[in-house]
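An overview of the molecular structure
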Amino acid sequence: MVYSISAMRSPSVPTVCNWCRSTSNGIRNTNISLLPKKEPFYRKVFARMSSPDPDSSSLKVAASNKVLVPGGQGDGSLSLTDQLENPETDLEDHLVLHDVNDPTIEHEKKLEDEEKFVEPPSRYHEIDNEQDSASSTLAGEEASAPIDGTESIEEDEARTRTIPPPGTGQRIYEIDPLLNNYREHLDYRYEQYKRLRDTIDKYEGGLEVFSRGYEKFGFTRSATGITYREWAPGAKSAALIGDFNNWNPNADIMTQNEFGVWEIFLPNNADGSPPIPHGSRVKIRMDTSSGIKDSIPAWIKFSVQAPGEIPYNGIYYDPPEEEKYVFKHPRPKKPKSIRIYESHVGMSSTEPKINTYVNFRDDVLPRIKRLGYNAVQIMAIQEHSYYASFGYHVTNFFAPSSRCGTPDDLKSLVDRAHELGLLVLMDIVHSHASNNVLDGLNMFDGTDSHYFHSGSRGYHWMWDSRLFNYGSWEVLRFLLSNARWWLEEYRFDGFRFDGVTSMMYTHHGLQVAFTGNYSEYFGFTTDVDAVIYLMLVNDVIHGLHPEAVSIGEDVSGMPTFCIPVEDGGVGFDYRLHMAIADKWIELLKKRDEDWKVGDIVYTLTNRRWLEKCIAYAESHDQALVGDKTIAFWLMDKDMYEFMALDRPATPLIDRGIALHKMIRLITMGLGGEGYLNFMGNEFGHPEWIDFPRGDQHPPGGKVIPGNNFSFDKCRRRFDLGDADYLRYHGMQEFDQAMQHLEETYGIYATRGIKWSF
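Residues numbered from 1 in each chain as written. Predicted model: local features only at pLDDT ≥ 70, side-chain atom pairs only at ≥ 80, totals over all residues. Heavy atoms only, no water.

Heads up, the condition is: UniProt positions are given in the numbering used here, feature names are shortened, and annotations may be inferred rather than shown by experiment.
Per an unreviewed UniProt entry, the protein chain carries the name 1,4-alpha-glucan branching enzyme and comes from Juglans regia. UniProt, in the comment section headed Pathway (unreviewed entry), describes the protein chain in these words: "Glycan biosynthesis." Its UniProt record gives the protein chain a comment under Catalytic activity (unreviewed entry), which states: "Transfers a segment of a (1->4)-alpha-D-glucan chain to a primary hydroxy group in a similar glucan chain."

See below:
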């Protein structure tokens, strides 16, 4: 996702979710049948307008005994940074969470403070030792032996999970002396980060424990039953409902502690079976200031959309041990030079359908390996109710998209990639969330300030989505735990963080032309809470998994972005070099004689010393409807008539193929310390991406025509690249040779070279 700023590209899906806030009023009585475990499933995704009135969002669910098996400014609140800086703040009035683990009191007042604070276990009811020791590791006894460049599953999970303490944060001034002019801001940022780390250490048992929130919240199972917890301070009452209790809101009433955490324990059945069967639909019913509301649990691990329905259902996902996927292959070591194949599972079939994790595992991963890439970056993993959002309007942060299969299917995909020696990176969205009230976090407890900033600060007007309050204690727990969950439950090898520019600035990078002046980065428009969150999440990622990769999508060029946290940086391994794609589009609109080689080289090499970049000529953004891929810019409609080898090429085709190859080669050679390609672009995919959609009726009476829910342009024609009688095949062979050239000889110009601009 990119940003709308002066002289730069538009966002990839600027208004795609303006009409996707699903609602359902009245009684629902759906007869849902058992889905065969191995059969792939597909569904169309529908959306309709929701009422802007939160009082109209209540949902009544009819009883069902069927089991579903899947086929800051302006908000008046103080941030954690404010609280750390102003210890005299009245906790009861201002702390977003009303949390006893509050970081606002000075450490020097130890005796007095410790009387006011309660240790973390007091946030919950008593928990059995067996339940309290729930593990998030997934290895089995069948783990394969370690091979060169890998760490065995046993070694990975036996390693002590520790996150190093903060460093001095001063090396950034040695790397870039110009930062001394902004030392006040940078030192303040680092001091707030260290004080937050200290507070987490003191009152939560450390960042390692804090980032395991999924072991306390949501559904946790012990030998004696199931506990469900939810943080919803705005709710007046809460009850757990679902198939297991016939959706009876009076059957399982939850209790609330003084910190806004609702809880219920369900003992095992008399025969020892779990009280909630695997695959059951579940929701939490809350009486809120906005009315009665049925919500999918915030920490749900799986959710599905039943055929013929609009809202999603939360699914209690806990298959029997014999059905759980057991990882067999160790993680590959991080390569010296990373070559990323950006992909989307749903659209990865040559057929017009939503592809599955299993098909991607069996058909696409071997292709990626054969092409010479050593990492696959997968988009749209986190559940999103609107398919056309490209996965960027997340509704259920801990749940993999059910369109493509089950959680165990996804695990098998990751394991197969590791068997092939491929890193698996996840395109993770922590920059914003869907404004969908029924399926997502928006208005979860009836208030607009639950996980997000209230008022205008909590709403992204261009993306039509909600913005997290990174100064909230429980938001930090939620997001840090979310990152760790994907690393450990699914064994992803790292992340590409979407929309980081939007996070780091209160203006979100909108209608702002970043010129490189340091005052643009270190001032009142910087969201320090968000930057500190990014530092913390990089601590978690690299502290617990030193081989993991973190990539940030930042168009602003924030200095220190890719410097380690202990040195005073934000901590990312790589920044996406987003200016390169913009430069190529700019040039493709000009005459050949107006191309200036010096200008091209400057753009490709214009990056900060010691801050690594991922270069790309084009990504998924350039493939969307309303845009053009480089191949289409170069060859246009001639691609439909003159790509067969049995007929002469046109000058436009000859020129286009030659430039397509050279653009990629020079981008890889000069653009960064890593390279990225969106699937299909390696052979000049002739079609754009158009998700299945119906006509849209936004406010104002204007009708935006759809495509009759067609999947024809929401797939990848890999058959064209494989056909040796088409010129696409030669373009694919060139890209393959380019990847193997880098693997063998190391053509990245920056290997061993240090420069600064």
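1. Quick look at the overall build of the protein chain
What counts is decided by this rule: Each helix corresponds to a stretch of at least 4 residues labelled H or I by DSSP, and each strand to a stretch of at least 2 residues labelled E; elements are numbered beginning at the N terminus. Only protein chains enter the area calculation, which uses a 1.4 Å probe; residues under 20% of their type maximum are buried, those over 50% are exposed, and those in between are partly exposed. Computed with the Shrake-Rupley method and a 1.4 Å probe, the accessible areas treat only the protein chains shown as cover for residues.
From N to C terminus, the protein chain includes 19 helices and 26 strands. In the protein chain, which comprises 757 residues, the share counted as buried stands at 61%. Accessible area of the protein chain: about 28,100 Å², with a carbon and sulfur share of 52%.

2. Regarding the pattern of salt bridges
Test applied: By definition here, a salt bridge exists when the distance from a side-chain nitrogen of Lys or Arg to a carboxyl oxygen of Asp or Glu is within 4 Å.
One pass over the full model with this rule turns up 45 salt bridges. Across the pair Glu 263 and Arg 229 runs a salt bridge whose closest N-O atoms are separated by 3.1 Å. Taken as a pair, Glu 263 in strand β8 (residues 261-267) and Arg 229 in strand β5 (residues 225-231) lie far apart in primary sequence, 34 residues in all. One connected set of salt bridges, linked through shared partners, spans Asp 176, Asp 554, Arg 575, Arg 608 and Glu 611.

3. Section: helix α19 (residues 727-745)
Going by this rule: Take the residue count of a helix, subtract one, and multiply by 1.5 Å to get its expected span. Here, residues are in contact when the closest pair of their heavy atoms is within 4.5 Å.
Along its 19 residues, α19 runs 27 Å from first to last C-alpha, staying within 8% of the 27 Å computed at 1.5 Å per residue. Along α19, the positions that sit buried rather than exposed are Arg 727, Tyr 728, His 729, Met 731, Gln 732, Asp 735, Met 738, Gln 739 and Glu 742. Buried residues along α19 sit in contact with β14 (338-344), α9 (357-371), α16 (630-635), α17 (651-670), β26 (674-678) and α18 (718-722). Downstream of α19 by one or two residues, Gly 746 has phi in the positive range, about 70°.

4. Focus: the sheet that holds strand β20 (residues 459-460)
Going by this rule: If DSSP finds at least two bridges between two strands, the strands pair.
The strand order across the open sheet built from three strands is β19-β21-β20, with neighbouring strands paired in antiparallel fashion. Strand pairing shows two members of the sheet lacking a second neighbour, β19 (433-434) and β20, which therefore form its edges.

5. Section: the pairing of strand β9 (residues 281-288)
If a strand is regular, its side chains alternate between the two faces of the sheet. Across the eight residues that make up β9, a large majority, seven, are buried. With six bridges joining them, strand β6 (residues 237-242) and β9 adopt antiparallel strand pairing. Its bridge partner lying in β9, Leu 240 is registered against Ile 284. By the bridge criterion, two bridges tie β9 to strand β12 (residues 313-315) in an arrangement that is antiparallel. Paired with Val 282 across the strands is Gly 314, a residue of β12. Both β9 and strand β10 (residues 291-295) contribute to a ladder of five bridges, which runs antiparallel. Its bridge partner being in β10, Asp 287 is matched across the sheet by Ile 292.

6. Some points on the sheet that holds strand β4 (residues 218-221)
Pairing within the open sheet is antiparallel, and its four strands lie in the order β4-β5-β8-β7. The sheet is open, and its two borders are formed by β4 and β7 (255-256), each paired with just one other strand. Bridge analysis of β7 against β8 gives two bridges, and the strand direction is antiparallel. Residue pairing across strands places Gln 256 opposite Trp 262, the latter belonging to β8.

7. With respect to the packing of α9 against helix α10 (residues 407-419)
Note the following rule: Axis definition: a line fit to C-alpha positions, over the contact stretch in the case of helices; interaxial angles, taken between N-to-C directions, run 0 to 180 degrees. These descriptions rest on fixed angle ranges, namely under 35 degrees for roughly parallel, over 145 for roughly antiparallel, 65 to 115 for roughly perpendicular, and the rest for oblique. Less than a right angle of anticlockwise turn of the near helix away from the far helix marks a crossing as left-handed, whereas a clockwise turn marks it as right-handed. Residues were grouped as follows: Ala, Val, Leu, Ile, Met, Phe, Trp, Tyr, Cys and Pro as nonpolar; Asp, Glu, Lys and Arg as charged; and all remaining residues, including Gly, as polar.
At a minimum axis separation of 8 Å, α9 and α10 run at an interaxial angle of 15°. One finds that α9 runs roughly parallel with respect to α10. As α9 packs across α10, the resulting crossing turns out to be right-handed. Only Asp 409, Leu 410, Ser 412, Leu 413, Arg 416 and Ala 417 of α10 make contact with α9, whose side of the interface consists of Tyr 357, Val 358, Phe 360, Arg 361, Leu 365 and Pro 366. Partitioned by chemical class, the residues of the contact of α9 with α10 number eight nonpolar, one polar and three charged.

8. Focus on the environment of Asp 187
Definition in use: Each polar contact in these results corresponds to two N or O atoms within 3.5 Å; when the atoms are within protein, one needs to be able to donate a hydrogen and the other to accept it, and residues that are neighboring in sequence are counted only if both atoms are side-chain atoms.
Examined against the element boundaries, Asp 187 turns out to sit in helix α7 (residues 183-204). Owing to a relative accessible area of 23%, Asp 187 belongs among the partly exposed residues under this scheme. A C-alpha to C-alpha distance of 7.9 Å links Asp 187 and Gly 169, two positions 18 residues apart in sequence. Among residues more than four places away in sequence, those in contact with Asp 187 are Gln 170 and Tyr 173. Within the local environment of Asp 187, its side chain forms a polar contact with the side chain of Gln 170, the two groups lying 3.5 Å apart. In this structure the side chain of Asp 187 is engaged in a polar contact, spanning 2.7 Å, whose partner is the side chain of Tyr 173.

9. Thoughts on the state of the cysteines
By definition, a disulfide links the sulfur atoms of two cysteines through a covalent bond. Which entries qualify depends on this criterion: Any two cysteine sulfur atoms within 2.5 Å of one another count as a disulfide.
Applying the stated criterion to the full structure yields zero disulfides. The cysteine Cys 562 is free of any disulfide, with Cys 613 supplying the nearest cysteine sulfur at 6.4 Å.

10. Topic: the packing of aromatic side chains
For clarity, the cut-off: Side-chain rings of Phe, Tyr and Trp, where Trp is taken by its six-membered ring, are said to pair if the distance between their centres is within 6.5 Å; with planes under 30 degrees apart they count as stacked, over 60 as edge-to-face, and otherwise as tilted. For a Lys NZ or an Arg CZ to count as sitting over a ring, it must be within 6 Å of the ring centre and within 35 degrees of the ring normal.
Enumeration according to the criterion identifies 41 aromatic pairs in this entry. Residues Phe 397 and Phe 468 carry aromatic rings whose centres are separated by 5.6 Å and whose planes lie at 70° to one another, so their mutual orientation is edge-to-face. Of this pair, Phe 397 sits in strand β17 (residues 396-400) while Phe 468 sits in the loop between β21 (465-466) and α11 (473-489); the two residues are 71 residues apart in sequence, bridging distant segments of the chain. Residue Phe 397 is classed as buried on the basis of its relative accessible area, which comes to 1%. Looking at Phe 468, the relative accessible area reads 1%, which means it is buried. When the ring centre of Phe 398 is taken as origin, the NZ or CZ atom of Lys 301, which lies over that ring, is 5.8 Å away. It is Lys 628 that lies over the ring of Trp 633; its NZ or CZ is 4.8 Å from the centre.

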